[in-house]
Amino acid sequence: MLEASIPNPYTPAPLPAPADRGAPDPEETMSRGQIEALQFERLRWTLHHAYENVPAYREHFDAHGVHPSDFTELGDLAKFPYTDKEFLRKSYPFGAFAATGPELRRIHASSGTTGQPTVVGYTDDDLATWATLVARCFRAGGIRPGDRVHNAYGYGLFTGGLGAHYGAERIGAAVIPMSGGQTEKQVQLITDFQPRAILSTPTYLLTIADGFKKLGLDPRESSLEVAILGAEPWTEEMRREIEQTFDLDALDIYGLSEVMGPGVASESAATKDGSHIWEDHFRPEIIDPLTDEVLETGRHGELVFTSLTKQALPIIRYRTHDLTRLLPGTTHPGHRRMGRITGRSDDMIILRGVNLFPSQIEELALKEPALSPHFTLEIARPDRMDQMAVIIERRDHATLEEAQAGAAHLRMEIKTKIGPSCVINVVEPESLARSSGKLKRIYDLRDPA
Ligand code: DLL
């Protein structure tokens, strides 16, 4: 099992000695040329491994008339067909796995919004690599061996909780496995255990901030100095809001279950300039989502990933639906960065011909001092005309009049900067539902017929 006709060029590094947990991995300091040489070797193995051990890939490649031996240079990756959620769903539960026997050590699943969950699996080596990469993300974000780390990502089938957990242990931190929800208890444990770092979705961290205030506590007085935030799109304005609320450094971490989980990419505390994709394990591409054409570095489009070292679930040219662009590396010059995710192609709202994403509304709403970051978008179709309502809470300290004036300004900003007219309903603080993980921002009330 798990053997391919060419030898696997990769073995995960052993757990470092306690004194070395804070040191960078050798791949972090590699040049672009060294990374690409590594990518070539690892990709060649991945293509053979997938073709020889996963019938779904063999059929997919055969149907497109390509064979792993057609891969003779990095650019040849473009000859291979894309995969997507549907490819994985069709082989539910384990048909896309190369390992289903005793090598399989863990299974996660993402619930998705409709139908069957997407199931993902890991061998021992996959889990070791995952922990190494999450530890790398945490190191880049400023977590150090010996720190206490409060983990508010959900534990369970979601990859956030356990993925972050083992990364924090690997870097030599003490993890507090709190999971999401029970906000009052979150506040109590942060106050009592004094963690230096917190791991959470950005919107749930705002809920935790409200929890502090409800108990008469100032979040700025908490022990938290670093927050590593991801699992949902967030903006620079949201970073500022969170940093000011807690007086800490907020850094991005990106990932998706199908590609591994959290830790595919993350941001350096030193520069806060977007997440470096760990290209010793993942080869990213940006494609035009409509024409499927590969775009050059710098152009906006859909992010596509190929895994380079994964054993249980090799993933080839997987379409993420996440929209962003690739940028050159800075703190890790061998690895490219990704811009912020502006949205998911399936979260795009088309309103009377104008395309828009919730992140564009977030960016503008957070500039209004009387309005809070808590909002939802409702799309309805009264009289056969699409209409969007932004339901947004006023801030505690703002009067209703101030909030109404802010709403009128926001409405104008949305009209001039994005295009469509919309309705803004200001509601009272604490009246909208809070998330304990990924927040649902869009409520589409249109009749699907
Ligand atoms: O959300 C993995 C994760 C957990 C990442 C904790 C970071 C922290 P999934 O549930 O499979 O996995 O959802 C993946 O979430 O395709 C993006 O649309 C979105 N996403 C994840 N991280 C970010 C981020 C986890 N930093 C989907 N910024 C992805 C924007 C993100 N969107």
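Refer to the structure above for everything that follows.
Residue positions are given per chain, counting from 1 as you read along its sequence in written order. Selection of residues for local features in this predicted model requires a pLDDT of at least 70, selection of side-chain atom pairs for listing and counting requires 80 or more, and totals for whole chains, interfaces and linings are taken over all residues. As a rule here, side-chain values come from all non-hydrogen atoms in the structure, and water together with hydrogens is ignored.

### Examining the overall build of the protein chain
The condition that has to hold: For the purposes of this entry, the term helix denotes a DSSP run of H or I that reaches at least four residues, the term strand denotes a run of E that reaches at least two, and both are numbered from the N terminus. As a reference, a globule follows 2.2 Å times the number of residues to the power 0.38, and the radius of gyration itself is taken over C-alpha atoms. Exposure is judged per residue with a 1.4 Å probe applied to protein chains only, and the accessible area is read against the type maximum: over 50% gives exposed, under 20% gives buried, and values in between give partly exposed. Working rule for contacts: check all heavy atoms of both residues, and any pair within 4.5 Å makes them a contact. Values of accessible area rely on a 1.4 Å probe in the Shrake-Rupley scheme; residue burial ignores everything except the protein chains shown. For the purpose of counting charges, residues Lys and Arg are taken to be positive, whereas Asp and Glu are taken to be negative. His and the chain ends are not included. For charged residues, the charge sits on one atom: NZ in Lys, CZ in Arg, CG in Asp, CD in Glu.
Within the protein chain, the secondary structure is distributed over 10 helices and 22 strands. Over its C-alpha atoms the protein chain spans a radius of gyration of 22 Å, differing by no more than 12% from the 22 Å that the globule rule assigns to 449 residues. With respect to the principal axes defined by its C-alpha atoms, the protein chain has extents near 70 × 55 × 35 Å. Every one of the 449 residues in the protein chain was classed for burial, and the buried ones make up 56%. Intrachain contacts of the protein chain at a sequence separation of at least 6 include 66% that bridge at least 24 residues. When the accessible surface of the protein chain is totalled, it reaches about 18900 Å², and 52% of it is carbon and sulfur. Seen as two clouds, the 48 positive and the 64 negative side-chain charges of the protein chain have centres 1 Å apart.

### Brief notes about the pattern of salt bridges
Convention followed: Here, a salt bridge means any Lys or Arg side-chain nitrogen found within 4 Å of an Asp or Glu carboxyl oxygen.
Using the criterion set out here, one finds 39 salt bridges in the structure. In this structure, the salt-bridge partner of Arg-139 is Asp-25, at a minimum N-O distance of 3.5 Å. Within this pair, whereas Arg-139 is found in helix H4 (residues 124–141), its partner Asp-25 is found in the segment before helix H1 (32–53), the two being separated by 114 residues in sequence. Each member of the pair, Arg-139 as well as Asp-25, carries the same accessibility label: buried. The partner of Arg-340 in a salt bridge is Glu-236, and the shortest N-O contact between them spans 3.1 Å. One end of the pair, Arg-340, is in the loop between strand S15 (337–338) and strand S16 (343–344); the other, Glu-236, is in helix H8 (residues 236–246), and 104 residues separate them in sequence. Assessed through its relative accessible area of 22%, Arg-340 is described here as partly exposed. We classify Glu-236 as partly exposed; its relative accessible area is 34%. A single network of salt bridges, built from pairs that share partners, joins Asp-25, Glu-27, Glu-28, Arg-136, Arg-139 and Asp-280.

### Comments concerning the site of the ligand
We apply this condition: Here, proximity means that at least one heavy atom of the residue falls within 4 Å of the molecule or strand. Residues adjacent in sequence count toward polar contacts only when both atoms are side-chain atoms; beyond that, a polar contact is any pair of N or O atoms within 3.5 Å, and within protein one must be able to donate a hydrogen and the other to accept it.
Near the ligand, the surroundings consist of 19 residues, among which Asp-252, Ile-253, Ser-257, Asp-322 and Lys-438 are the closest. Within the backbone of Ile-253, an N or O atom sits 2.7 Å from a nitrogen atom of the ligand. In this structure, Arg-344 approaches the ligand through a side-chain N or O atom, which is 3.1 Å from an oxygen atom. In isolation the ligand offers 610 Å² of accessible surface; the protein chains occlude 93% of this area.

### Here we look at the sheet that holds strand S20 (residues 387–394)
Which entries qualify depends on this criterion: Paired strands, as defined in this entry, are two strands with at least two bridges between them according to DSSP. The angle between two axes is taken between their N-to-C directions and runs from 0 to 180 degrees, where each axis is a line fitted to C-alpha atoms and a helix contributes only its stretch in contact.
The strand order across the open sheet built from 4 strands is S21-S20-S19-S22, with neighbouring strands paired in mixed fashion. Strand pairing shows two members of the sheet lacking a second neighbour, strand S21 (423–427) and strand S22 (442–444), which therefore form its edges. Looking at each pair of strands side by side, their axes are set apart by 20 degrees on average, direction ignored. Across 7 bridges, strand S19 (residues 371–380) lies against S20 in antiparallel orientation. Bridging across to S20, Ala-380 finds its partner in Gln-387. Against the sheet, helix H10 (residues 400–417) engages S19, S20 and S21, with an angle of about 155 degrees to S21.

### A closer look at the nonpolar core
One broad trend across soluble globular proteins is that nonpolar side chains are buried collectively. The test is simple: Buried Ala, Val, Leu, Ile, Met, Phe, Trp, Tyr and Cys residues form a nonpolar core when they are joined through side-chain atoms within 4.5 Å.
Core analysis: the largest hydrophobic core is formed by 68 residues, its most contacted members being Phe-138, Ile-143, Tyr-254 and Phe-305. The contact partners of Ile-143, leaving out residues within four places of it in the chain, are Phe-138, Val-149, Ile-171, Arg-196, Ala-197, Leu-199, Val-226 and Ile-228. Listed in part, the 22 residues of the second largest apolar core include Ile-392, Ala-403, Cys-422 and Val-426.

### Observations concerning the sheet that holds strand S3 (residues 148–151)
On the basis of which strands lie adjacent, the open sheet formed by 9 strands has the order S4-S3-S5-S6-S7-S8-S9-S15-S14 and mixed pairing. Taken across any chain shown, the strands that pair with only one partner, and hence form the sheet edges, are strand S4 (174–176) and strand S14 (326–327). Bridging between strand S5 (residues 197–200) and strand S6 (residues 226–230) involves 4 bridges; their strand directions are parallel. Bridged to Ser-200 within S6 is Leu-229.

### A word on the packing of aromatic side chains
What counts here: Two rings from Phe, Tyr or Trp (for Trp, the six-membered ring) form a pair when their centres sit within 6.5 Å of each other. Planes less than 30 degrees apart are called stacked, planes more than 60 degrees apart edge-to-face, and all others tilted. Sitting over a ring, as applied to charges here, requires NZ of Lys or CZ of Arg to be within 6 Å of the ring centre and within 35 degrees of the ring normal.
Counted by the stated rule, this structure contains 10 aromatic pairs. Between the aromatic rings of Phe-212 and Phe-246, the centroid separation amounts to 6.0 Å while the plane-to-plane angle is 90 degrees, which identifies the pairing as edge-to-face. You can see Phe-212 sitting in helix H7 (residues 202–214) and its partner Phe-246 sitting in helix H8, a full 34 residues away along the chain. Summarising the burial analysis for this pair, Phe-212 and Phe-246 share the class buried. An aromatic cluster is built from Tyr-51, Tyr-57, Phe-61, Phe-80 and Phe-87, whose rings are joined through pairwise contacts. Over the aromatic face of Trp-278 sits the side chain of Arg-136, whose NZ or CZ is 5.0 Å from the ring centroid. Directly above the aromatic system of Trp-234 lies the positively charged group of Arg-340, at a separation of 4.4 Å from the ring centroid.

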